[in-house]
Each structure stands twice: as C-alpha cells, then as structure tokens.
Amino acid sequence: MTTTPVVRVLGGLAHDAAHRLSTACVCAPPQVLADRPDGTVVRSGPVVAKAHAPDAEVPALTDRLSLAAAPRLAGILLPPLPGRDAPPRVAGGRVVSLWPYGEPVDPSDPDAAPWEEAAVLLARLHSTPPPRPLPPMRGPAKAARAVARMRAALPGDPATAPVLAAWHGLPGWARAEERTPEGRDGFLCHGDLHLGQLVRHPAPHGPWLLIDVDDAGSGDPAWDLARPAAWYAAGLLPPEVWLRFLDTYRAAGGPAVRAEGDPWPDLDVPARALTVQTAALALAKSAAEGRSPDEVEQLMIDACVRIASLPPELVSETAS
C-alpha cells in the first residue's frame, strides 16, 4: 500500500470512524482506492476517507459537502458521515471528508453497467431545486484545466492542433470564460458524471447513488449527459446503450434535453467540450508516460479532428 503522509492520515481517520460504527476490531489494513492529484481515497472497513484537491476552495467545497447531506437529495447523492452539516476536517493542508463505503460499478462486467439507473438519478438531481445557493458547476473549469495540462505537457506539439482547434470552436461559457447562458443555468448538476461516480449503498446490494460532489453546483444539466453523448458520437458507447440511457432520462422527466425529437441541439456544445477534455487528458497522460495514445484515446483525438473540420454553418448556434 502507498504510505504517503496523507494516505496514512486518511487510513487512521477512516479506521477511527469505522470503530464508531462497530466496536470490535477485525480490520484489514486500510486500502487505497485512489491516489491522484485531485483526490486521494482510502477505505477502512465500512468507511472511506477522502482528501480533496490541494487547491480546493474550502467555502465552495463545504457548500458541496453540505449538498450531499441535504435531506432533499436523499436517495440521489451518497451522504457523507456523520450525515449532517459539519466543518470539514483538514489533513496535510487538504480538506478531508468521510463517507460510508459503497460498492462501485464492476468494470469487468460492462453489460451490467447501470446506465438506466444513472439516467434516473441524473433526472432526479436535475429536477431538484437547489437547497441553498451553490457555486457554479465545475465541468467547464475541468475542461479548461485539461487543455492547460495538455499544453504544458506538449508545448507547441502539432499533435495538439486538432484538440486546440476544437477547443477554440466552443463558446466562452463551455471554456469557463463566461457565464452559462440564461435559461440553461440554475439547475443542480453533478459536474463530472461517469460510471465511476456510482456506488451501491448499503454495499453490496443497496440502491445506486451518485458520489463525488467536488464539481457539483449550479449550471447546464446537459453537461452531465455530455460524456456518454461524446462516447456515443466517438463510437465508444454502443447506440443501443446510448438510446436506453437517453430514453430513460427523458422518461424520468430530466430537463437537460427536450422531451421529444433531436437531443443534439441541447447536447452539442457540452459533448464537444467533453470530447476535447478527454482528448487533451489522453495526450497529456500518454506524453507523461512516454507512449503513443492507445486505441480508445486515439478515438477521442480523432473525434476532435472531425469537430475541428466542421464548416461553420454546421456548428451549433449555441457556439456562436
């Protein structure tokens, strides 16, 4: 197990919290679930401790953690421990939160991926009035950060040209340079939806819930549909899976897309932004690892080539 100071502190916090839930100690050593620059996650039995990004804005993060504990989000978001508003813990200069352990999606069984359950949870989230004023959803900011990371990793490299061209074809709001257009803002959004953001709680057979509120906030709900939409457009998500996801979201009353007809006028800009984000991260990671992009990464880069080659008249009016 990784033994960085933050991991050791998280393991101790999770272990101590687990024993508030159960007195007998038959615990295995703490398990590192994730250790990335934007978040380190350690599990001890039924408790998970997370150290948030070092540059997290504490007031905004506190608002987001309170959102996860809000009663009106019960059954949608996994609530943190102790399940009520509380000042966040700090370890190693990083904000730490504690959560009940939930069973994640099994990556080895793609046919069992809970796309329909994710769609219903998103529709319910987007339809819930925010319980308090919230900071903006951080989806566009994450896309901008991915592009900046690519530029730093590959300064002046021609391989980045189609990704940058697709990026510059997006409107300012999708690049975190302007406010979200009126009428598309004000919805409660997750901000970073993918299958890794769902767990069953209580584990292992409880209902599916959304986790990781670090990017949640007020914004355009279409952003939460953008990653599966981008995967579908790039050929990574089978059409039948995409259509089941979209149809389930619509049937549950989700406001991100029109109830009938072509959803792409609503999804076009966010899907292109997530395509750019994914391609930029692919180039940055492959450069850092001294390798060429793999097949899946190359599909997203190729999608940026197609986006960059679109004539202006075919680009959604929302990008103007």
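Residues numbered from 1 in each chain as written. Predicted model: local features only at pLDDT ≥ 70, side-chain atom pairs only at ≥ 80, totals over all residues. Heavy atoms only, no water.

**Observations concerning the sheet that holds strand 6 (residues 103-104)**
Going by this rule: Each pair of strands is called paired provided DSSP finds at least two bridges between the two strands. Runs of H or I in DSSP of at least four residues are treated as helices and runs of E of at least two as strands, each being numbered from the N terminus. Throughout, a residue-residue contact means that at least one pair of heavy atoms, one from each residue, lies within 4.5 Å. Helix axes use the C-alpha atoms of the stretch in contact, all axes being lines fitted to C-alpha atoms, and the angles between their N-to-C directions lie in the range 0 to 180 degrees.
Taken in spatial order, the 3 strands make up an open sheet running 6-8-9, and their pairing is antiparallel. Strands with a single pairing partner mark the edges of an open sheet, and in this sheet they are strand 6 and strand 9 (208-210). Bridge analysis of strand 6 against strand 8 (residues 198-200) gives 2 bridges, and the strand direction is antiparallel. The partner of proline 104 across the bridge, within strand 8, is valine 199. Helix 3 (residues 115-126) rests against strand 8 and strand 9 of the sheet, and its axis sits at about 50° to strand 9.

**Structural notes on the nonpolar core**
Selection criterion: Grouping buried Ala, Val, Leu, Ile, Met, Phe, Trp, Tyr and Cys residues that are joined through side-chain atoms within 4.5 Å yields what is termed a nonpolar core. We call a residue buried when its accessible area falls under 20% of the maximum for its residue type, exposed when it is over 50%, and partly exposed in between, using a 1.4 Å probe and counting protein chains only.
In this structure, Leu73, Leu77, Leu198, Leu210, Leu225, Phe245 and Tyr249 are the most contacted members of the largest nonpolar core, which totals 48 residues. Elements represented by at least two residues in this core include exactly helix 2 (58-69), strand 5 (94-100), helix 3, strand 8, strand 9, helix 6 (223-234), helix 7 (239-251) and helix 8 (264-288). Broken down by element, this core gets its largest block of residues, 7 residues, from helix 3. Once you skip the residues sitting within four places of it in the chain, leucine 198 turns out to touch Glu103, Pro104, Val105, Pro114, Ala118, Leu121, Trp208, Leu209, Leu210 and Ile211. Among the nonpolar cores identified, the runner-up in size contains 30 residues, and Ala146, Met150, Val163 and Ile307 belong to it.

**Some words on a negative patch on the surface**
Let me state the cut-off plainly: Patches were defined on residues exceeding 30% relative accessible area and lacking a salt bridge, with like-charge contacts within 9 Å and nonpolar side-chain contacts (Val, Leu, Ile, Met, Phe, Trp, Tyr) within 5 Å. Values of accessible area rely on a 1.4 Å probe in the Shrake-Rupley scheme; residue burial ignores everything except the protein chains shown. Salt bridges are counted wherever a side-chain nitrogen of Lys or Arg sits within 4 Å of a carboxyl oxygen of Asp or Glu. Neither His nor the chain ends contribute to the count of charged residues, in which Lys and Arg are positive and Asp and Glu negative. Taken as the charge location is NZ of Lys, CZ of Arg, CG of Asp or CD of Glu.
Taken together, Glu103, Asp106, Asp109 and Asp111 make up a surface patch of like negative charges. Of note, glutamate 103 is situated in strand 6.

**Regarding the packing of aromatic side chains**
Heads up, the rule is: Centre distance within 6.5 Å is the pairing criterion for rings of Phe, Tyr and Trp, where only the six-membered ring of Trp is used; planes under 30 degrees apart are then read as stacked, over 60 as edge-to-face, and the remainder as tilted.
Here the structure, examined in full by the defined rule, presents 7 aromatic pairs. Note on tryptophan 115 and tryptophan 231: the rings are 6.3 Å apart at their centroids and 90° apart in plane angle, and the pair reads as edge-to-face. Taken as a pair, tryptophan 115 in helix 3 and tryptophan 231 in helix 6 lie far apart in primary sequence, 116 residues in all. Seen in terms of ring centroids, tyrosine 232 and tryptophan 264 are 6.3 Å apart; in terms of plane orientation they differ by 25°. Their pairing is stacked. Taken as a pair, tyrosine 232 in helix 6 and tryptophan 264 in helix 8 lie far apart in primary sequence, 32 residues in all. You can call tyrosine 232 partly exposed: its relative accessible area is 29%. Its relative accessible area of 25% is what places tryptophan 264 among the partly exposed residues.

**Digging into the side chain of glutamate 297**
Its location among the elements puts glutamate 297 in helix 9 (residues 295-308). Overall, glutamate 297 belongs to the buried group, its relative accessible area being 13%. With residues up to four places along the chain from it excluded, the contact list for glutamate 297 reads Ala282, Ser286 and Arg291.

**Observations regarding the environment of serine 44**
For serine 44, the location among the structural elements is in strand 2 (residues 39-44). Looking at serine 44, the relative accessible area reads 1%, which means it is buried. In this structure the C-alpha to C-alpha distance between serine 44 and valine 120, which are 76 residues apart in sequence, comes to 30 Å. Excluding anything up to four places from it in sequence, serine 44 contacts Gly11, Ala14, His15 and Ala18.

**A look at the packing of helix 6 against helix 7**
Defined as follows: Relative orientations are named as follows: roughly parallel for angles under 35 degrees, roughly antiparallel for angles over 145 degrees, roughly perpendicular for angles from 65 to 115 degrees, and oblique for any other angle. Crossings are sorted by hand: turned counterclockwise from the far helix by less than a right angle, the near helix makes the crossing left-handed, and turned clockwise it makes it right-handed. Ten residues, namely Ala, Val, Leu, Ile, Met, Phe, Trp, Tyr, Cys and Pro, are considered nonpolar, four, namely Asp, Glu, Lys and Arg, are considered charged, and the remaining ones, Gly among them, are considered polar.
Between helix 6 and helix 7, whose axes approach to 10 Å, the crossing angle comes to 155°. Here helix 6 lies roughly antiparallel to helix 7, going by the angle between them. Considering the relative orientation of helix 6 and helix 7, their crossing is left-handed. From helix 6, Leu225, Pro228, Ala229 and Tyr232 reach across to helix 7, where they touch Pro239, Trp242, Phe245, Leu246 and Tyr249. In terms of residue class, the contact of helix 6 with helix 7 is built from 9 nonpolar, no polar and no charged.

**Quick notes on the pattern of salt bridges**
If you walk through the whole model with that rule in mind, you get 14 salt bridges. Note that aspartate 220 is salt-bridged to arginine 184, the shortest N-O span being 2.8 Å. Linking aspartate 220 in the loop between strand 10 (217-219) and helix 6 with arginine 184 in the loop between helix 5 (161-168) and strand 7 (187-189), this pair joins segments that are 36 residues apart in sequence. For aspartate 220, a relative accessible area of 3% gives the class buried.

**Section: the sheet that holds strand 4 (residues 89-91)**
The sheet built from 5 strands is open, its strands ordered 1-2-3-5-4 with antiparallel pairing. Every interior strand has two partners, whereas the edge strands, strand 1 (31-36) and strand 4, have only one. Each adjacent strand pair in this sheet contributes to an overall mean axis angle of 25°, direction not counted. Here strand 4 pairs with strand 5 via 3 bridges, running antiparallel. The partner of alanine 91 across the bridge, within strand 5, is arginine 94.

All we've got here are geometric facts, nothing functional implied.
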